[in-house]
Each structure stands twice: as C-alpha cells, then as structure tokens.
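Here is what each chain is made of, one letter per residue.
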Amino acid sequence: MIAFKPIEIGDKAAIESFTLRYAPDNCDLAFANMYCWQFRYRSSWTVIDDFLIIRFYIDGGSKLSYMQAVGTGDFTPVLRRLEEDALAAGQPLRIVCLTASGIEQLLRSDLGEFAFDENRDMADYVYNASDLRELPGRKYQPKRNHIRRFKAAYDYRYEEMTPAHAAECMRLENQWRGRRQDHPEDLSAEQVAMKRAFEHFDELGLRGGCLYADGRLVAFTYGSPINGHTFCIHAEKADTDYEGAFAVINQEFASRLPERYTLINREEDLGIEGLRRAKLSYHPAFLQPKVTALLLGEDEAACKQLWLDCFEDDEQFIDSFLIRHYDRQQMLTAEEEGRIVAMLHLLPFRSELGRTTYIYGVATDPAFRDRGYASALLCRALELIDDRGDDAAILIPGEERLKSFYAPFGFADAGLPVTFDTADGFDFGSGSPETDLAMVRLRNPAATLPERLHCRPRPEPQAE
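Source: prediction; values computed, not measured.

## Things to note about the environment of Arg 277
Along the polypeptide, Arg 277 turns up in helix α11 (residues 273–280). With 141 residues separating them in the primary sequence, Arg 277 and Pro 136 have C-alpha atoms 19 Å apart.

## Things to note about the layout of surface pockets
Estimates place the volume of the second largest pocket at around 1,000 Å³. Looking at the second largest pocket, it is lined by 34 residues, and the ones nearest its centre are Cys 310, Phe 311, Val 362, Gly 398 and Leu 402. Elements that contribute at least two residues to the lining of the second largest pocket include exactly α12 (298–310), β17 (354–364), α14 (373–387) and α15 (403–406). When residues in the lining of the second largest pocket are grouped by element, the largest group, seven residues, is from β17. Across the lining of the second largest pocket, the residue classes break down as 18 nonpolar, eight polar and eight charged.

## Digging into the sheet that holds strand β12 (residues 263–265)
Reading across from one edge, β8-β9-β10-β11-β12-β7-β13 is the order of the seven strands in this open sheet, with mixed pairing throughout. Two strands close off the open sheet at either side, each with one partner strand: β8 (156–160) and β13 (286–288). Across the sheet, the mean angle from the axis of one strand to that of its neighbour is 30°, orientation sign disregarded. By the bridge criterion, five bridges tie β8 to strand β9 (residues 207–213) in an arrangement that is antiparallel. Counterpart to Glu 159 in the pairing with β9 is Cys 210.

## Focus on empty space enclosed by the protein
Scanning the entire structure with this criterion turns up one cavity of 30 Å³ or more. Roughly 40 Å³ of volume is contained in the largest cavity. For the lining of the largest cavity, the elements supplying multiple residues, two or more each, are β11 (230–238) and α10 (245–256). In terms of residue count, α10 provides more of the lining of the largest cavity than any other element does, four residues in total. Here the lining of the largest cavity is built from residues that sort into six nonpolar, two polar and two charged.

## Focus: the nonpolar core
In this structure, Ile 7, Met 161, Phe 198, Phe 220 and Tyr 222 are the most contacted members of the largest nonpolar core, which totals 42 residues. By size, the runner-up hydrophobic cluster in this structure holds 34 residues, among which are Leu 306, Ile 340, Ala 363 and Val 440.

## Focus on the sheet that holds strand β4 (residues 64–67)
Here we have seven strands laid out as an open sheet, ordered β1-β2-β3-β4-β5-β14-β6, and mixed in their pairing. Whereas interior strands pair on both sides, the edge strands pair on one side only; in this sheet they are β1 (5–6) and β6 (114–118). For β1 and strand β2 (residues 44–48), the ladder comprises two bridges, and the chain directions are antiparallel. Residue pairing for β2: Pro 6 is matched across the bridge by Ser 44.

## So, the pattern of salt bridges
Throughout the structure, instances matching the rule amount to 37 salt bridges. Here Arg 256 makes a salt bridge to Glu 160, at a shortest N to O gap of 4.0 Å. Taken together, the residues Arg 256 in helix α10 and Glu 160 in strand β8 connect sequence positions 96 residues apart. For Glu 190, the salt bridge is made with Lys 237, and the minimal N-O distance between the two is 3.0 Å.

## Notes on the pairing of β4
Along β4, one buried face is formed by Leu 64 and Tyr 66 and the opposite face, lined by Ser 65 and Met 67, is buried too. One ladder, built from three bridges, connects strand β3 (residues 51–57) with β4; its direction is antiparallel. Paired with Tyr 57 across the strands is Leu 64, a residue of β4. A loop of six residues connects β3 with β4, the two strands running antiparallel in sequence, and Asp 59 in this loop sits at a positive phi of about 55°. Bridging between β4 and strand β5 (residues 94–98) involves two bridges; their strand directions are parallel. Looking at β5, one finds that Tyr 66 is bridged to Ile 95. On the question of chirality, the crossover connecting β4 to the parallel β5 by way of helix α4 (residues 79–88) is right-handed.

## Thoughts on the packing of α12 against helix α13 (residues 315–324)
With their axes 10 Å apart at the nearest point, α12 and α13 run at an angle of 145° to one another. Classified by chirality, the crossing of α13 by α12 is right-handed. In this structure, α12 contributes Glu 300, Cys 303, Lys 304, Trp 307 and Leu 308 to the contact, and α13 contributes Glu 315, Phe 317, Ile 318, Asp 319, Phe 321 and Leu 322. Classifying every residue of the contact of α12 with α13 by side-chain character gives seven nonpolar, no polar and four charged.

## Quick notes on the packing of helix α7 (residues 141–153) against α10
Direction vectors running N to C along α7 and α10 enclose 100°, while the axes themselves pass 8 Å from each other. By the angle between their directions, the pair α7 and α10 is classed as roughly perpendicular. Here Lys 143, His 146, Ile 147, Phe 150 and Lys 151 of α7 lie close against α10, whose contacting residues are Ala 245, Ala 247, Val 248, Gln 251 and Glu 252. A class-by-class count of the residues in the contact of α7 with α10 yields five nonpolar, two polar and three charged.

## Looking at the environment of Glu 159
With respect to the secondary-structure elements, Glu 159 resides in strand β8. Residue classification places Glu 159 among the partly exposed positions, given a relative accessible area of 24%. In contact with Glu 159, not counting residues within four places along its chain, are His 165, Gly 208, Gly 209, Cys 210 and Tyr 212.

## Regarding helix α1 (residues 12–22)
Where α1 is concerned, the buried positions are Lys 12, Ile 15, Glu 16, Phe 18 and Thr 19. Projected down its long axis, α1 shows its buried positions confined to an angular sector of 160°, all on one face. Away from its buried face, by an angle of more than 90 degrees, α1 presents the exposed residues Ala 13 and Arg 21. Packing partners of the buried residues in α1 comprise α2 (31–36), β2 and β3.

Conventions we followed
- Residues numbered from 1 in each chain as written.
- Predicted model: local features only at pLDDT ≥ 70, side-chain atom pairs only at ≥ 80, totals over all residues.
- Heavy atoms only, no water.
- Helix = DSSP H or I, 4+ residues; strand = E, 2+ residues; numbered from the N terminus.
- 1 Å grid on protein atoms, 1.4 Å probe; cavity = no way out; pocket = protein on both sides within 12 Å on 5 of 7 lines; lining within 4 Å.
- Points joined across faces, edges and corners; volume = space filled by probe spheres on them.
- Nonpolar A, V, L, I, M, F, W, Y, C, P; charged D, E, K, R; others polar.
- Pairing = 2+ DSSP bridges.
- Axes fitted to C-alpha atoms, helices over the stretch in contact; angles between N-to-C directions.
- Core = buried A, V, L, I, M, F, W, Y, C linked by side-chain atoms within 4.5 Å.
- Buried < 20%, exposed > 50% of the residue type's maximum accessible area, 1.4 Å probe, protein only.
- Salt bridge = Lys/Arg side-chain N within 4 Å of Asp/Glu carboxyl O.
- Right-handed = clockwise from strand over helix to strand, strands pointing away.
- Left-handed = near helix turned anticlockwise from the far one by under 90°.
- Contact = heavy atoms within 4.5 Å.
- Parallel < 35°, antiparallel > 145°, perpendicular 65-115°, else oblique.
- Arc of directions from axis to C-beta.

As structure tokens, then:
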C-alpha cells in the first residue's frame, strides 16, 4: 500500500503548494476544509509523480476514495498505484470530485470500465465575486431591499473576525443549530469542524467577519482560499430574527475580500430544499460538479450487465447504484457456465418495524430462468436475515404477477406504502411513489404494521 499521512496543521504549506496553483474550484480542496473535517473523513495525503493525492473515507464509513489527483498534465500513470492501494484494502478504485478533463483522462486510460455518477446535491455553488460585492441589476433587487431594511432598523457594525470572537460565534451557532431539525448528524459534525477552525484560525489562514446589531452579534462568516482566484465560504450563520442579516454579512464580507479572488465558492446544498433556494437566489455563475468514478471489477461489471439484461433502468441509474449503494458483501449470486446468472441485494435499513432488510434487484438472466435460481437465492437471503436477527424483510414486486412468487416465502401482500430516506436521494422504489407498495415478512407475525413505512439507512461501521 502507499504510505499516506493523516492531514495535520503542519501540512498546510506542502498541500497548498499544489492546491493554490492547480486545484479546480472545489470546496473540498481548500486546506482548511480538509483539516477541519479530517476527524470525520479520516483524510490523508501523499505525493506521487508530482501529483497531490488525497485519500479519505466517504462520511467516515468503509468506502475508501481518492480525490482527483492535483497537479498539471496527465495523471493516469498514477492510477495503477491507486488501484493497487485500494485493492490492498479490499476495495475497488473510486475517484471522486472529477472535473470534465479528469473524466476524459479516465476514459483514455487502459485500466478498464468505469461507472460514473454525478450527485447534484453535492455540486458547489460558485459566484462571481463582483456580483456578491455589488449586487447589480434587477435580479439582485430583493437582496438590496433586505440590506436596506436591516440598515434602517438597526445600529449595526461589521468587525473583521479574530480568534477572540470564537466563543461569541459558537453561542450564535448553538442558537442557529437549535432551530434546525433536518440533517442533525451533519449539523453536529459541522459544529466539531467549526471548533477546530476557531482553535487554529490564524494557522489555517482563515478570514472572517462578524455583524452586530444594537450591540449584539447577529451573523458571522469565515472561509479560506481554494486556489489563487477562488475563495471558499466555509461557514455563514445568522440570527433569523434579524431580517436581512444573512444578506448583510454576505455582502460586507465579499466587499472586503482581496480583488485577486474573482470567484467565491459557497459550497453545496446537500439536497436541503431551503438551502438550495437560498443559494440559487444569489445567481451562481456556475455549479461546480463533483463526479465520482468507480473502476468496475468482475462482480460489479457482472451486476451491471445482469441489471441491463433484466430491467428497463438506464445505464446512469445502474452506475449510480453501483457507486452509491452496491456492496459485494450484501449481494447474493448464482453462477452458471462461469458467470453470474442471478442476483439479489440485501440492503440494511431501520424503519417503524425495527431492523429492516430490503431485498432489492432480484434478477435472473432471461436465458437461465425457470431453473430455481431466484428461489434458491431468496431462501439463502431469508436465512441470513433471520440469523442476524432482523425484525422484518421487505420487497417491492416489480409486477403484479410476482406477488404470487414471493408469497410462499412468507411475504404478505400488505400494500404498505414505503419511502426511502437516504442522504443522497437515491430512488430505491419503482420509480412511482403510487406503486411503491411493499410486501412484508415479519420476524414476529403478531407485530402490528404501521400505515406507512419510512426506511432510513443503518449507520455504517466507522473505518478503522
């Protein structure tokens, strides 16, 4: 395996010698972000053939990933070494935050077939700095109105942020966080990252600002450079009782940034509807996509081909599943003539029924049907589900006729509406909420069924 080093505060100069010159406009490549979130993503780094390589675990779980190599020229010669590093950890090669040119390089490489996935929820919002400073034209009139009303209503002042503001800012952050109900785990992690930022404010080269109204802190923001021309806003919080506070802190801070920063990255919206509306209301110059590529091994390629042969889903949907949710340890298969001819996937969730396994993607190659492969896989699946003590197993029949196939295995046609609440918004259903009706097999047949089932992923084991 490659010798990677955990990202530490003393690595700033070495890492920024690459990022400030070569990094795309991606918030994940701001050194302050890498360091402040290292506790969660277990990020580490190395240099191979004059390319900076960042390795991390997605959401701190078990999926090992590598950022697109940062440097100049063709990075494909380092891919073999990254593949070897991933395989040594028992994982396929996964490259994230790919740019258009990065995708082209992968497609030209001789490693093999890649699956590609772009998650809109993770795209960064990048703005012209001049727009945020000046708020020009009719499209920014609502923002100017908010600012004018705020300045008329309050005796306000703006201060450059220093480490001395930390306690005051954290109190405001606690107040802001207490009013939010969505994504509680993400918000808690953000608080830890914010504390790290304040503890190393000067060492990280952070810049920030604080807004006061009638002597009270009502908003703050801070950030750091991604590269030589793009500045990233890492945090922006405001007391929403003070109308216009967000608009004022945004403009006041942008107007004080050095002119060399022609772009401002305000990071992603995570699929949160209100946050998306707010970011779009500032009219981004562009969205910085974050494309993920997965080098398909034999099993992933076989899964993809079988899926294409059996279902009507397009290739992009299958690639998204392989990249976001595929786990070879959770796929059961039957083989014939040296290849996979049948499969199903056991996806762990929690629901109103308790520990719930969703049996997904049950498929048999058309040339090998009526030989009992699907029945054998279902029997194995239910044995595994019972052995690990799950409370329920569910599935959504793709066709009405399949209900009679699943019934002998103990699945009741409950017609139970089911939704899947995943962080990435992947649609595990039929494609139509009206037909997402689950058949249910209960560990305790006397258990009462809810009116609707909400399935949420079980926490993934943290990486060692």
